[in-house]
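These are the residues of each chain, in order.
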Amino acid sequence: MSDIVSAQGVVITRGSRVAISASDFTIPAGKITAIIGPNGSGKSTILHAVAGLLPISSGSLSVLNNTPLLSQSQVSYVLQYTTVPAGTPLTVMEAVAMARYPKLGLFGRPSKEEKKRVLAAMARLEISDLAKRHLTELSGGQRQRVYVAQGIAQDHTILLLDEPLTGLDINSAKTIDSIIHDEPVRGCSVVLTTHDLEEARAADHVILTAGRVVGSGKPSDVLTTENLTNAYGLGSLHEHTATDLILPTEHHLNDHPH
Amino acid sequence: MEWFLDPFALGFQQRALAGGILAGLMTAVVGTWLVLRGMSFFGDAFVHGIVPGVAAAVVFDVNPLIGAAAAALVMVLAIELVNRQTVLSEDTSIGLLFVGMLALGVVIISRLDSYSGSLTTILFGDALGVTAQDLVTQAILALVVVSAATLLYRPLLALSFNQEKAQLWGLKPQRTHVTLLVLIAAAVIGSYQSVGTLLVFGLLVGPPATAALISRTVPRMMFTAAIIAVVSVWAGLTLSYHFNTAGSATMAIVPVVLFFIVLTITKLRSRQREKVESRV
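Residues numbered from 1 in each chain as written. Chains lettered and ligands numbered in written order. Predicted model: local features only at pLDDT ≥ 70, side-chain atom pairs only at ≥ 80, totals over all residues. Heavy atoms only, no water.

### Describing the overall build of chain A
If you tally the helices and strands in chain A, you get nine helices and nine strands. Counting all 258 residues of chain A, 53% fall into the buried class. Here the analysis covers contacts within chain A between residues at least 6 apart in sequence; of these, 69% occur between residues at least 24 apart. Accessible area of chain A: about 11,300 Å², with a carbon and sulfur share of 52%. (Helix = DSSP H or I, 4+ residues; strand = E, 2+ residues; numbered from the N terminus. Buried < 20%, exposed > 50% of the residue type's maximum accessible area, 1.4 Å probe, protein only. Contact = heavy atoms within 4.5 Å. Areas by Shrake-Rupley, 256 points an atom, 1.4 Å probe, with all protein chains shown as cover.)

Right, dumping it as structure tokens:
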């Protein structure tokens, strides 16, 4: 199993704060990788660094055998927070079509193929009927589906998703979950962050974070009671098995996640 | 018919109309991006920020456009400096520079014998004093501003959507942001002679804000804003002629009044629609 991402002794800072201290981890190709950890443990920071949005302070981080910045065109990133100012006259179709800008450049006219890519992405997320609706007229779940459609409409070999299922209605969660499992079949690698232990267990590969990478590997090897206790520092873990454990989620803790 | 034609019978009145239309076009196009990016407060501060540059140009008898451009540059750099060196929010740094630059402008102009006359012209413009040379300068600036704001549609839309996404798509959001600031500066500098530094803000924000209420897409918003701006200039000058009011101020007040008229109509229509839907 080849790796699309390889990090050795990587340190990532946000401002003056060290978000991830010296850590090693890998992300395998064509698989689903889940990054799990408490709020502020560095989950989104890792996605930002892989996407080339955040430079590393030391160590090495290679993405598709290159620097993150040089691989940026092959990475599609669905951010956790995409706040479009209210009143922006932007339709669903236009928002998804923006994902083709890297290919079209400033003045390129979209070909039939380009339009097909956009329509196909919308169809996969079951938002074709919302094409002419404004983003501000959609529910949270519908909007998240638009952002994921935008993510898959872009050319990519890696799809990064920051808490894609958090706070969604059942239909939206089901649709996005099917995309997560469908992308590896199409030859893409999926990396997502989550607070859901069961979701992490269902992934092919897991990275457990707590201001550093506590473990990186198969879920059964990483999500052990000892590692989870290290990551979450929960005394209650002694009274539960790791399988029973319900981890604090964004809904329970209203902190800013990283 | 005479009621509509009389206000533009003389050369200086026609130049006032042409100057106002050029100002309206460039401020509407660039103002669309200003409104979409939620930078209205910056725009307000910015138009006040050029006052000391224009005042210094009047005192030292140099081209006011050069003074305005220099002041605009100082304003943007100072806001960036405060943002980078402190943890204060951006609106604080904008507010500081807003007051500071305006006060500095008044201090500079107060050294002139014709203090109040010069200050009034800078702040409120002199629509009827626009010369043919002013129109040429305005036309060049309008061409540059409208072309750039249209050609940079994709980077500007991506930046308005999300700065991080724009970066991921390789659309260089920082460079786009700086370009937008330059375009705003050019539009303000190119318009202040017609409508003044204070009132240019009315044209910068009024038409795009009104267009946003009735537009489904950004290009349509830009186009509608341009039409509203042109109508505002024409209506403002016509009303000022017949009611003997200040031309620049009347031009600036029309888009604001239009905004509230359109807002009321759209609200009434949506209420009516809701009533019909609830009956069904």
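### Considering the pattern of salt bridges
All names here are of chain A. This model, assessed by the stated rule, comprises eleven salt bridges over all chains. For the salt bridge of Lys-103 with Asp-155, the shortest nitrogen-to-oxygen distance reads 4.0 Å. Here Asp-155 lies in the loop between helix H5 (140-153) and strand E6 (158-161) and Lys-103 lies in helix H3 (residues 101-104), a separation of 52 residues in the sequence. On the accessibility criterion, Asp-155 (27% relative accessible area) is partly exposed. In this structure, Glu-137 and Arg-133 form a salt bridge, with 3.7 Å as the shortest nitrogen-oxygen distance. Each of Arg-100, Lys-103, Glu-114, Arg-117 and Asp-155 takes part in a single network of salt bridges with overlapping partners. (Salt bridge = Lys/Arg side-chain N within 4 Å of Asp/Glu carboxyl O.)

### So, unusual backbone geometry
If you check the backbone angles, Asn65(A) has positive phi at about 60 degrees while not being a glycine. Note that Asn65(A) resides in the loop between strand E4 (58-63) and strand E5 (75-78). The class for Asn65(A) is exposed, based on a relative accessible area of 73%. Of note in this structure, Asp61(B) is not a glycine but carries a positive phi near 55 degrees.

### Let's talk about the confidence of the model for chain B
Detailed reading of the predicted model is not advised wherever pLDDT is low. Chain-level statistics for chain B give a pLDDT mean of 87 and a share of 98% at 70 or above. Looking at the elements of chain B, mean pLDDT is at its lowest for helix H7 (residues 115-124) of chain B, recorded as 69, and at its highest for helix H12 (residues 218-243) of chain B, recorded as 93. (pLDDT = per-residue confidence, 0-100.)

### Considerations on the sheet that holds strand E3 (residues 32-36) of chain A
Residue and element names in this part refer to chain A. Read from one edge to the other, the open sheet built from six strands follows the order E5-E6-E7-E3-E8-E9, with strand pairing classed as mixed. The two strands at the open ends of the sheet, each matched to only one other strand, are E5 and strand E9 (213-217). Strand-to-strand twist in this sheet, taken as the mean axis angle between neighbours without regard to direction, amounts to 15 degrees. Taken together, the four bridges between E6 and strand E7 (residues 189-194) define a ladder with parallel strand orientation. Looking at E7, one finds that Leu-159 is bridged to Val-190. Contacts from H5 reach E5 and E6, with the element oriented near 175 degrees to E5. (Pairing = 2+ DSSP bridges. Axes fitted to C-alpha atoms, helices over the stretch in contact; angles between N-to-C directions.)

### Side note on the sheet that holds strand E1 (residues 3-14) of chain A
Residue and element names in this part refer to chain A. Across the sheet, which stays open at both edges, the three strands sit in the order E2-E1-E4 with antiparallel pairing between neighbours. Across the chains shown, the open sheet's two edge strands, defined by having one partner strand only, are strand E2 (17-28) and E4. Within this sheet the neighbouring strands show an average axis-to-axis angle of 20 degrees, counted without direction. Judged from the eight bridges that link them, E1 and E2 form a sheet pairing that is antiparallel. Looking at E2, one finds that Ser-6 is bridged to Thr-26.

### Considerations on the pairing of E5(A)
Residue and element names in this part refer to chain A. Side-chain alternation along E5 places Val-75 and Tyr-77 on one buried face and Ser-76 and Val-78 on a second face that is also buried. Where E5 and E6 come together, four bridges link them in parallel fashion. Note on E6: the bridge partner recorded for Val-75 is Ile-158.

### Brief notes about helix H3 (residues 40-49) of chain B
In an α-helix, one full turn covers 3.6 residues, which means residues spaced three or four apart are oriented alike. Residue and element names in this part refer to chain B. Taking burial as the measure, the ten residues of H3 include eight buried ones, the bulk of the element. Regarding H3, the residues found buried are Phe-42, Gly-43, Asp-44, Ala-45, Phe-46, Val-47, His-48 and Gly-49. Buried residues along H3 sit against helix H2 (11-36), helix H4 (51-60), helix H5 (64-85), helix H6 (90-109) and helix H11 (173-214).

### Looking at the layout of surface pockets
All names here are of chain B. Of the volumes computed, that of the largest pocket is approximately 780 Å³. Around the largest pocket, the lining is made up of 29 residues, and of these Glu-80, Asn-83, Glu-90, His-177 and Leu-181 lie nearest the centre. Secondary-structure elements contributing two or more residues to the lining of the largest pocket are H3, H5, H6 and H11. By volume, the second largest pocket amounts to about 580 Å³. Considering the residues around the second largest pocket, the lining is formed by 18 residues, among which Ala-212, Leu-213, Ile-214, Arg-216 and Thr-266 are closest to the centre. Among the elements of the structure, H11 and helix H13 (247-279) are those that each provide at least two residues to the lining of the second largest pocket. The element that contributes the greatest number of residues to the lining of the second largest pocket is H13, accounting for seven residues. Of the residues that constitute the lining of the second largest pocket, the class distribution is six nonpolar, seven polar and five charged. (1 Å grid on protein atoms, 1.4 Å probe; cavity = no way out; pocket = protein on both sides within 12 Å on 5 of 7 lines; lining within 4 Å. Points joined across faces, edges and corners; volume = space filled by probe spheres on them. Nonpolar A, V, L, I, M, F, W, Y, C, P; charged D, E, K, R; others polar.)

### Notes on empty space enclosed by the protein
Residue and element names in this part refer to chain B. Enumeration over the complete set of coordinates arrives at one cavity of 30 Å³ or more. The volume enclosed by the largest cavity comes to roughly 40 Å³. Among the secondary structure elements, those contributing two or more residues to the lining of the largest cavity are helix H8 (132-151) and H11. In terms of residues, the lining of the largest cavity owes the most to one element, H8, which gives four residues.

### Notes on the packing of aromatic side chains
In the structure shown here, the tally under the stated rule is nine aromatic pairs over all chains. Seen from their ring centres, Phe161(B) and Trp169(B) are 6.2 Å apart, and the 20 degrees between their planes marks the pair as stacked. Residue classification places Phe161(B) among the buried positions, given a relative accessible area of 3%. A network of ring pairs unites the aromatic residues Tyr101(A), Tyr147(A), Phe161(B) and Trp169(B) as a single cluster. (Phe/Tyr/Trp six-rings, centres within 6.5 Å; stacked < 30°, edge-to-face > 60°.)

### Quick word on the interface of chain A and chain B
Opposite the 37 residues of chain A that make contact, chain B presents 22 residues. The contact between chain A and chain B buries some 2,500 Å² in all, and 59% of this surface belongs to carbon and sulfur atoms. It is Pro89(A), Tyr101(A) and Leu106(A) that lose the most area in chain A upon contact with chain B, and together they represent 24% of the buried surface on that side. Viewed at the interface, chain B and chain A are joined by one salt bridge. Across the salt bridge formed by Arg216(B) and Glu137(A), the nearest N and O atoms sit 3.1 Å from each other. At the surface where chain A touches chain B, the tally comes to nine residue pairs in polar contact (both at pLDDT 80 or more). Of all the elements in the fold, those that place two or more residues in the side of chain A that touches chain B are helix H1 (43-51), E5, H3 and H5 of chain A. Per element, the largest residue contribution to the side of chain A that touches chain B is three residues, and it comes from H3(A). (Buried area = accessible area lost by both parts, 1.4 Å probe. Polar contact = N/O pair within 3.5 Å; in protein donor to acceptor, adjacent residues only side chain to side chain.)

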